[in-house]
Amino acid sequence: MSVVSVSMPEALLERIDQFADDHGYTGRSEVLREASRNLLGEFEDKKLEDRDLLGVVTVVFDYETTSVEEKMMRLRHEHEEIVTSNFHSHGGSHHCMELFVLEGSLEDISTFVGKVRATKDTLTIDYSVLPVDDFGPLADIN
């Protein structure tokens, strides 16, 4: 097995170590391997390919120390063909939240999420994806 060196803030490393202890992992390497496998497999679900999807992406950042909001607006305009809605909100004394509603293919949504994740200085990024044609009985309502 290869050894990899990764830089991360001390607070994140402490959280990983605590998570490993709390959940019975042998150490941080095991946690990071599992997290990496999960991240790489997120958009490899064959059931989502070739389907119209809805996605929601939520980004939280500190508005006093970053230019994340400007970067998010650039991404919104760069991907205007899939961004159907965008909402900005303030939370707490120093935080902002950007919420994006997306409609498009798995490839387009995963590209957008990847670019959001690559944005420096975000505090948290969350998303969900679901097929538009998978609403069961609601699909039959006119």
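Because the structure is predicted, anything quoted here is derived from the model rather than measured. (Residues numbered from 1 in each chain as written. Predicted model: local features only at pLDDT ≥ 70, side-chain atom pairs only at ≥ 80, totals over all residues. Heavy atoms only, no water.)

### Comments concerning the layout of surface pockets
Spelled out, the test is: Using protein atoms alone on a 1 Å grid, points that fit a 1.4 Å probe yet trap it form a cavity, whereas open point sets bounded by protein on both sides within 12 Å along at least five of seven lines form a pocket; residues with an atom within 4 Å of a point count as lining. Grid points are joined across faces, edges and corners, and a volume is the space filled by probe spheres set on the points. Helix and strand assignments come from DSSP, with helices taken as H or I runs of at least 4 residues and strands as E runs of at least 2, each series counted from the N terminus.
The calculated volume of the largest pocket comes to roughly 1100 Å³. Taken together, 22 residues form the lining of the largest pocket, with L12, R15, I16, A35 and L123 sitting closest to its centre. Mapped onto the lining of the largest pocket, the elements with two or more residues apiece are α1 (10-23), α2 (28-41) and β4 (122-131). Space inside the second largest pocket adds up to approximately 430 Å³.

### Considerations on the pattern of salt bridges
Let me state the cut-off plainly: The working definition used for a salt bridge is a side-chain nitrogen of Lys or Arg within 4 Å of a carboxyl oxygen of Asp or Glu. A 1.4 Å probe rolled over the protein chains alone gives each residue an accessible area, and that area as a share of the maximum for its type sets the label: buried under 20%, exposed over 50%, partly exposed in between.
Per the counting criterion, the structure on display carries three salt bridges. Here E70 ties to R74 by a salt bridge, and the two come within 2.5 Å at their closest N and O atoms. Linking E70 with R74, this pair stays in helix α3 (residues 68-78), spanning four residues, or about one helical turn. Residue R74 is classed as exposed on the basis of its relative accessible area, which comes to 55%. For K115, the salt bridge is made with E78, and the minimal N-O distance between the two is 2.3 Å. With K115 in helix α4 (residues 106-117) and E78 in helix α3, this residue pair connects regions lying 37 residues apart in the sequence.

### Things to note about the UniProt feature "binding site: Ni(2+)" (unreviewed entry) in the protein chain
Selection rule: UniProt positions are given in the numbering used here, feature names are shortened, and annotations may be inferred rather than shown by experiment. In this analysis, two residues are considered to be in contact whenever any of their non-hydrogen atoms come within 4.5 Å of each other. Between N or O atoms, a polar contact is any pair within 3.5 Å; within protein, one atom must be a potential hydrogen donor and the other a potential acceptor, and residues adjacent in sequence are included only when both atoms are from side chains.
Sites flagged by UniProt as "binding site: Ni(2+)" (unreviewed entry) map to H77, H88, H90 and C96. Among the secondary structure elements, H88 is positioned in strand β2 (residues 83-91). Beyond its immediate chain neighbours, meaning those up to four positions away, H88 contacts F61, E69, C96, M97 and E98. A polar side-chain atom of H88 sits 2.4 Å from a polar atom in the side chain of E98. With respect to the secondary-structure elements, C96 resides in strand β3 (residues 95-104). Under the relative-accessibility criterion, C96 is labelled buried at 3%. Residues contacting C96, with those up to four places away along its chain left out, are V59, V60, F61, Y63, H88, S89 and H90.

### Regarding the pairing of strand β1 (residues 53-62)
Counted only if it meets this: Between any two strands, pairing holds if DSSP finds at least two bridges.
Summarising burial for β1: seven of the ten residues are buried, a large majority. Relative to β3, β1 runs antiparallel, the two sharing ten bridges. What sits directly across from D62, in β3, is H95. Relative to β4, β1 runs antiparallel, the two being bridged by nine bridges.

### Some remarks on unusual backbone geometry
The bulk of non-glycine residues show a negative phi, and the bulk of peptide bonds are trans. Of note in the backbone geometry, D50 takes a positive phi value of approximately 60° without being a glycine. Relative to the assigned elements, D50 resides in the loop between α2 and β1. Even without glycine at this site, D121 takes up a positive phi of about 80°. Mapped onto the elements, D121 comes out in the loop between α4 and β4. Judged by relative accessible area, which is 36%, D121 ranks as partly exposed.

### Here's the deal with the side chain of D62
Defined as follows: His is not counted here, nor are the chain ends, while Lys and Arg score as positive and Asp and Glu score as negative.
By the secondary structure assignment, D62 is in strand β1. No salt bridge is formed by the buried D62. Its closest oppositely charged neighbour is K71, at 13 Å. Not counting residues within four places of it along the chain, the set of residues in contact with D62 comprises H94, H95 and L123.

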